[in-house]
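# Examining the three-dimensional arrangement
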Amino acid sequence: VMDRLGCMDLTGAHTGLAANPMALGLPLPRSWPWLSELLDLWNGCRATAGKLQAHHDDPTTQRWPNPYTLVEPDGPAAGVAQSHLLPHGPPGQASFLMPDSSPTHTLTSKTCSVLYCSLGGFGALVERLSPEKLLEAHGQYIQAVGDAIRRHRGTLHHLVGDVVMGSWNGQVFVPSHYLQACKAGMGVHRSVMAINGALNCKALTVHIGISKGPVLVGIMGGTHTKALSIVGPAVHLARDLMKLNGTLGTSVLVHDIYSHDIFFQFETRLVDWVTHRHWEGQILTVHEVRRPFVEDGDDLWMYTSPCRSVPKPYLDAIHYLREGHLQQGKDLLLAYMQEYPADGPAKLLLWALKRGCLVQGKAIHSLESPPGPQDLNL
């Protein structure tokens, strides 16, 4: 009824119509008591809105403190915002934060998923390519990482050279955030393979570590530069998993495949048992994520024979090692290495067996101090 009376503006732009609906030529018979009550209620709302507007326009009115103001990227203050803070955030959300007069900062404790990503072989690429080609390749890589993180509702935090960090469930709530992080990681891996094809070489290998755990999320920084930041155990774990890829020759490592159905959506294999300083008294299992069973946009499950590409001798060796049958596991690993001599996880397990540190219920090494590639002859 109010819409037809044309008085939806609470600021009083259509006061005449609201106060005198008869001006529209509408009959208001007395048999419509509900309409009369509705008009009285509407006039009361208009009066209250007028008082609130006057209160808002009064420059002497004390406002609630608002330390940060969200600014749309294309808004008039976008340039000022970019000079203060880094862009971040999933699509459709305000991407910049500007400092206001209040210096108050707060950090919120949350459980988040964190992705750390870097390029292997980037140093060699710097020496081999011209500055123009290097800028093009680096730009394609950064664009691919950023697009993959945002496509799966993540937040891009920072990049230093070829190292990029993203998070999920910090700035905005993301259901199954660990699964989304794994999807983003596999998306980055596919994009880097495409960049290698465009460069007509295999110079770039991607190293990705994905973790889930407690963090602190909030605005951090100095007087002139602030950004949405994330700190805590999950960040350190993701970074250390990223580095472990260099030792094992893998691309994507995670520490928990049983959360958010990751075990059922991706092909994975167990590659390591580690400890970490932030998970005291716990043995963390490290898994390689090899490929998704379902590609993005594909409605068909890839459960065709063979549905898993991990060779059976490796899976059998892992089974025997977990059961404490070390000699049977070692024999299977040696047979497996005959066919796959460059497999890093198998070399790590044989290295652990040789040193006697692969004991049931114990970790092979600390994640902060893994064996070097030279120890495994990678």
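Residues numbered from 1 in each chain as written. Predicted model: local features only at pLDDT ≥ 70, side-chain atom pairs only at ≥ 80, totals over all residues. Heavy atoms only, no water.

Moving on to the overall build of the chain. Helix and strand counts for the chain stand at 13 helices and 11 strands. Looking at the 378 residues of the chain, the share that counts as buried comes to 44%. Counted over contacts in the chain with a minimum sequence separation of 6, partners at least 24 positions apart contribute 64%. Accessible area for the chain stands at about 20200 Å²; split by element, carbon and sulfur atoms hold 57% of it. (Helix = DSSP H or I, 4+ residues; strand = E, 2+ residues; numbered from the N terminus. Buried < 20%, exposed > 50% of the residue type's maximum accessible area, 1.4 Å probe, protein only. Contact = heavy atoms within 4.5 Å. Areas by Shrake-Rupley, 256 points an atom, 1.4 Å probe, with all protein chains shown as cover.)

Another point: the confidence of the model for the chain. When the pLDDT values of the chain are averaged, the result is 75; 69% of them are 70 or greater. Here strand S1 (residues 68–71) stands out as the least confident element of the chain, with mean pLDDT 34; strand S8 (residues 252–254) is the most confident, with 95. Confidence drops under a pLDDT of 50 for residues 59–88, and excluding neighbours within four residues, the segment shows 66 contacts in the predicted structure. Considering only residues more than four positions removed or in separate chains, one finds that residues 298–306, a stretch of pLDDT under 50, has 12 contacts. (pLDDT = per-residue confidence, 0-100.)

Right, let's get into the pairing of strand S6 (residues 205–221). Regular strands show a simple pattern: their side chains alternate between the two faces of the sheet. The buried fraction of S6 amounts to 12 of the 17 residues, a majority that puts the element mostly inside the structure. Direction of pairing for strand S3 (residues 107–120) relative to S6: antiparallel, over a ladder of 14 bridges. Bridged to Cys117 within S6 is Ile208. Bridge analysis of S6 against S8 gives three bridges, and the strand direction is parallel. Bridged to Gly209 within S8 is Leu253. As paired strands, S6 and strand S7 (residues 226–231) are joined by six bridges and run antiparallel to one another. (Pairing = 2+ DSSP bridges.)

This brings us to the nonpolar core. Of all hydrophobic cores here, the largest spans 37 residues; its most connected members are Cys117, Tyr141, Val188, Ile208 and Ile210. Those elements that place two or more of their residues in this core are S3, helix H5 (122–128), helix H6 (131–151), strand S5 (163–168), helix H7 (177–199), S6 and S8. Counting residues per element, this core draws most heavily on H7, which supplies nine residues. Among residues more than four places away in sequence, those in contact with Val188 are Cys117, Ala144, Val145, Ala148, Val206 and Ile208. Counting residues in hydrophobic clusters, the runner-up holds 32 residues, among them Leu237, Val274, Leu350 and Leu367. (Core = buried A, V, L, I, M, F, W, Y, C linked by side-chain atoms within 4.5 Å.)

Relative to S5, S3 runs antiparallel, the two being bridged by five bridges. Among the inter-strand pairings, Ser113 is bridged to a residue of S5, identified as Trp168.

Despite not being glycine, Arg153 shows a phi value in the positive range, around 65 degrees. On the secondary structure map, Arg153 appears in the loop between H6 and strand S4 (155–160). Of note, the phi angle at Ser176 is positive, near 50 degrees, even though the residue is not glycine. Ser176 gets classed as partly exposed once you look at its relative accessible area, which sits at 31%.

Another point: the packing of helix H11 (residues 326–339) against helix H12 (residues 344–355). Contact geometry of H11 with H12 gives a least axis separation of 10 Å together with a crossing angle of 140 degrees. As far as their axial angle goes, H12 and H11 are oblique. For the element pair H11 and H12, the recorded crossing hand is left-handed. Mapping the contact onto sequence places Leu326, Lys330, Leu333, Leu334, Tyr336 and Met337 in H11 and Ala346, Lys347, Leu349, Leu350 and Leu353 in H12. (Axes fitted to C-alpha atoms, helices over the stretch in contact; angles between N-to-C directions. Parallel < 35°, antiparallel > 145°, perpendicular 65-115°, else oblique. Left-handed = near helix turned anticlockwise from the far one by under 90°.)

The subject of this paragraph is the pattern of salt bridges. Tallied over the full model, the rule gives nine salt bridges. The residue Arg239 makes a salt bridge to Asp240 at a minimum N-O spacing of 4.0 Å. For the salt bridge of Glu267 with Arg290, the shortest nitrogen-to-oxygen distance reads 3.7 Å. Remark: Arg290 occurs in strand S10 (residues 284–292) and Glu267 occurs in strand S9 (residues 266–275); sequence separation between them is 23 residues. (Salt bridge = Lys/Arg side-chain N within 4 Å of Asp/Glu carboxyl O.)

Inspection of every chain in the model, using the stated rule, returns three aromatic pairs. Look at Tyr314 and Tyr336: their rings are 5.4 Å apart centre to centre, the planes differ by 55 degrees, and that puts the pair in the tilted class. Placement of Tyr314 in helix H10 (residues 312–323) and of Tyr336 in helix H11 is noted, with a sequence separation of 22 residues between them. As far as the burial class goes, Tyr314 and Tyr336 line up, both buried. Through a chain of ring-to-ring contacts, three or more aromatic side chains come together here, namely Tyr314, Tyr336 and Tyr340. (Phe/Tyr/Trp six-rings, centres within 6.5 Å; stacked < 30°, edge-to-face > 60°.)

To continue, consider H11. Taking 1.5 Å per residue as the helical rise, H11 with its 14 residues ought to reach 20 Å, and the 21 Å between its terminal C-alpha atoms agrees with that figure. Residues Gly329, Leu333, Tyr336 and Met337 constitute the buried set of H11. Projected onto a plane normal to the axis of H11, the buried residues spread over an arc of 100 degrees and lie on a single side. Relative to its buried face, H11 has exposed residues pointing more than 90 degrees away, namely Gln338 and Glu339. The elements touched by buried residues of H11 are S9, H10 and H12. (Expected span 1.5 Å × (residues − 1). Arc of directions from axis to C-beta.)

What follows deals with a nonpolar patch on the surface. A cluster of nonpolar residues, Leu107, Leu216, Met220 and Val231, forms a patch on the protein surface that exposes about 280 Å² of accessible area. Within the secondary structure layout, Val231 lies in strand S7. (Patch = residues over 30% accessible without salt bridge, like charges linked within 9 Å, V, L, I, M, F, W, Y side chains within 5 Å.)

Turning our attention to the side chain of Ser167. By secondary structure assignment, the location of Ser167 is in strand S5. According to the relative accessible area criterion, Ser167 is buried, its value standing at 3%. In this structure the side chain of Ser167 is engaged in a polar contact, spanning 2.6 Å, whose partner is the side chain of His157. Apart from the residues within four sequence positions on either side, Ser167 is in contact with Ser113, Val114, Gly154, Thr155, His157 and Ile230. (Polar contact = N/O pair within 3.5 Å; in protein donor to acceptor, adjacent residues only side chain to side chain.)

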